[in-house]
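As a plain string of letters, each chain reads:
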Amino acid sequence: MATRASLSALSSINNPWPLPSIYYTTKPYRLLFSCRSISSSPRLRSRRFPSPVASMPSYDKELAAAKKAASLAARLCQIVQKELGQSDVQSKADKSPVTVADYGSQALVSLVLNLELPSASFSLVAEEDSGDLRKDGAQETLKRITNLVNDTLSTDGTYNIVVSEEAVLAAIDSGKSEGGPSGQHWVLDPIDGTKGFLRGDQYAIALALLDEGRVVLGVLACPNLPLMPINSVDEQYHENPVGCLFSAKIGDGAEMQLLNGSSPTKIHVSSTENPADASFFESFEAAHSLHDLSSAIAEKLGVQAPPVRIDSQAKYGALARGDGAIYLRLPHKGYHEKIWDHAAGCIVVTEAGGVVTDAAGNNLDFSKGRFLDLDTGIIVTNRTLMPSLLNAVQEAIREKNQAASLL
């Protein structure tokens, strides 16, 4: 068993976090938060991959690690959702809710990525931080989160470790990276759709990898999403398997499988060509999308079906497999989109043959830090429908702005 002395000695080697009792293990000690990956160095990487064509890494190991991390985080979230208590929910400074599952999911993903892909250059851009967990009175909450993380790790059977409370706090705070255009950065929303999670509805663990500012892989774990299309009215709806894992790697297409284990299958966006036949998704929360503007756009396109309103990036996954043809996210003025709300979903849809742009038709740029610099909103559809959808969106926005100017 590793001793405190040996842990302290190792903690000084390229380790950005203090290492007080991170864990004890019967296996040889592996440093959780260090070691610099050779491939992460631009100078060395250029030597290994001298030509532009040959320079594209496979990302196979990264995708496997991301799928494992997101699946374990989903397992933790499912446990919490089944027995959610009032003490498990808190309010952040912006009045938005945060739960022990948000914190536990973020800690778990950080820990698993470091165990599977040890690297001193590890960078995580994520939603949560440990500030509230370090305050007086938060000891019981932190203890519960730590127990959840350890219990989930133990069920996997791969890791013979016990993680300390200090390690959980450090893992959560590893998500403070600002991202940017250089190097590799993991992007995580530990629970996308926390309000949906609290209602027992849709939510997602959304994890993506940026390499030199570009999204190169993404995983969406959607514990409450049925395997069958969500717009189906099949009488057997409740008897169908629930819990989907979407994954995509740049240039390799998108796949879906059951969270509890099944072979992945390739998925593709809807091939609908007629706007009138296109069903569309929008955010359940009105704060995240202007429903009246969406209705005006649907009317211009002649869409007959009512919108499907669900929480989280589960919408991206559902659209990627063809449940609907259009996703509109048109937030209120002044709302700033975060990269973790779209990075994973964006690559899942684009690798499934779809298109994701802002309201001006620009591709989303994830290289500018923690926020997206957008024109008005985000629209998602297939390549055939995008021109007519863009026209309808821009026309509806102009009319809305003109009406507002007359007031």
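Below is a short write-up of the structure. (Residues numbered from 1 in each chain as written. Predicted model: local features only at pLDDT ≥ 70, side-chain atom pairs only at ≥ 80, totals over all residues. Heavy atoms only, no water.)

### Focus on the nonpolar core
The following threshold applies: For the purposes of this section, nonpolar cores are sets of buried Ala, Val, Leu, Ile, Met, Phe, Trp, Tyr and Cys residues that join through side-chain atoms within 4.5 Å. The rule is simple: take the accessible area with a 1.4 Å probe, protein chains only, and divide by the maximum for that residue type; under 20% is buried, over 50% is exposed, in between is partly exposed. Runs of H or I in DSSP of at least four residues are treated as helices and runs of E of at least two as strands, each being numbered from the N terminus. Contacts: residue pairs with any heavy atoms within 4.5 Å of one another.
Counting residues in each nonpolar core, the largest one holds 55 residues, and the members touching the most others are Leu-113, Val-149, Leu-153, Trp-186, Ile-205 and Leu-207. Take this core: its biggest share by element is eleven residues, from helix α3 (residues 60-82). In contact with Ile-205, not counting residues within four places along its chain, are Ala-70, Ala-73, Ala-74, Cys-77, Ser-105, Leu-188, Asp-189, Pro-190, Val-219, Leu-220, Ala-221 and Pro-223. Counting 41 residues, the second largest nonpolar core, distinct from the first, contains Leu-220, Ala-343, Val-349 and Phe-366.

### What about helix α8 (residues 291-301)?
Note the cut-off: For this quantity, the arc is that covered by the directions from the helix axis to the C-beta atoms.
Within the sequence span of α8, burial applies to His-291, Leu-293, Ser-294, Ile-297, Ala-298 and Leu-301. The arc that holds the buried residues of α8, viewed along the axis, is 155 degrees, so those residues lie on one side. Residues of α8 that are exposed and angled more than 90 degrees away from the buried face: Asp-292 and Glu-299. Residues of α8 that are buried sit in contact with β12 (280-283), β13 (308-310), β14 (326-329) and α11 (386-405). Following α8 by one or two positions, Gly-302 adopts a phi angle in the positive range, close to 80 degrees.

### Overview of the pairing of β14
As a reminder, the rule being used: Pairs of strands are assigned from DSSP output, requiring at least two bridges between the strands.
Side chains Ile-326 and Leu-328 project from β14 onto one buried face, and the interleaved Tyr-327 and Arg-329 project onto a second face that is buried too. Pairing of β12 with β14 involves three bridges; the strand directions are parallel. Of the residues in β14, the one forming a bridge with Phe-280 is Ile-326. The pairing of β14 with strand β16 (residues 378-382) spans three bridges and is classified as antiparallel. Note that in β16 the partner of Leu-328 across the bridge is Ile-379.

### Things to note about the packing of helix α4 (residues 100-116) against helix α5 (residues 139-156)
Put simply, the rule reads: Geometry is summarised by axes, namely lines fitted to C-alpha atoms with helices restricted to the contacting stretch, and by angles between N-to-C directions that run from 0 to 180 degrees. Roughly parallel here means an angle under 35 degrees, roughly antiparallel means over 145, roughly perpendicular means 65 to 115, and every remaining angle is called oblique. Handedness of a crossing follows from how the near helix is turned relative to the far one, being left-handed for an anticlockwise turn of less than a right angle and right-handed for a clockwise one. Residue polarity is assigned by list, with Asp, Glu, Lys and Arg as charged and Ala, Val, Leu, Ile, Met, Phe, Trp, Tyr, Cys and Pro as nonpolar; anything else, Gly included, falls into the polar class.
The contact between α4 and α5 brings their axes to 9 Å, and the two run at 45 degrees. Taken together, the axes of α4 and α5 lie oblique to each other. The two elements α4 and α5 meet at a crossing, and its hand is right-handed. Judged by residue contacts, Val-100, Tyr-103, Gly-104, Ala-107, Leu-108, Leu-111 and Val-112 of α4 engage Thr-141, Arg-144, Ile-145, Leu-148, Val-149, Thr-152 and Leu-153 from α5. For the contact of α4 with α5, the residue count by class is ten nonpolar, three polar and one charged.

### A short note on the pattern of salt bridges
Rule in force here: Whenever Lys or Arg places a side-chain nitrogen within 4 Å of a carboxyl oxygen from Asp or Glu, that contact is recorded as a salt bridge.
Summed over all chains, the structure comprises 15 salt bridges. Among the salt bridges present, the one from Lys-249 reaches Asp-60, with a minimum N-O distance of 2.3 Å. Taken together, the residues Lys-249 in strand β9 (residues 242-249) and Asp-60 in helix α3 connect sequence positions 189 residues apart. You can call Lys-249 buried: its relative accessible area is 10%. With a shortest N-O distance of 3.9 Å, Asp-252 and Lys-249 are connected by a salt bridge.

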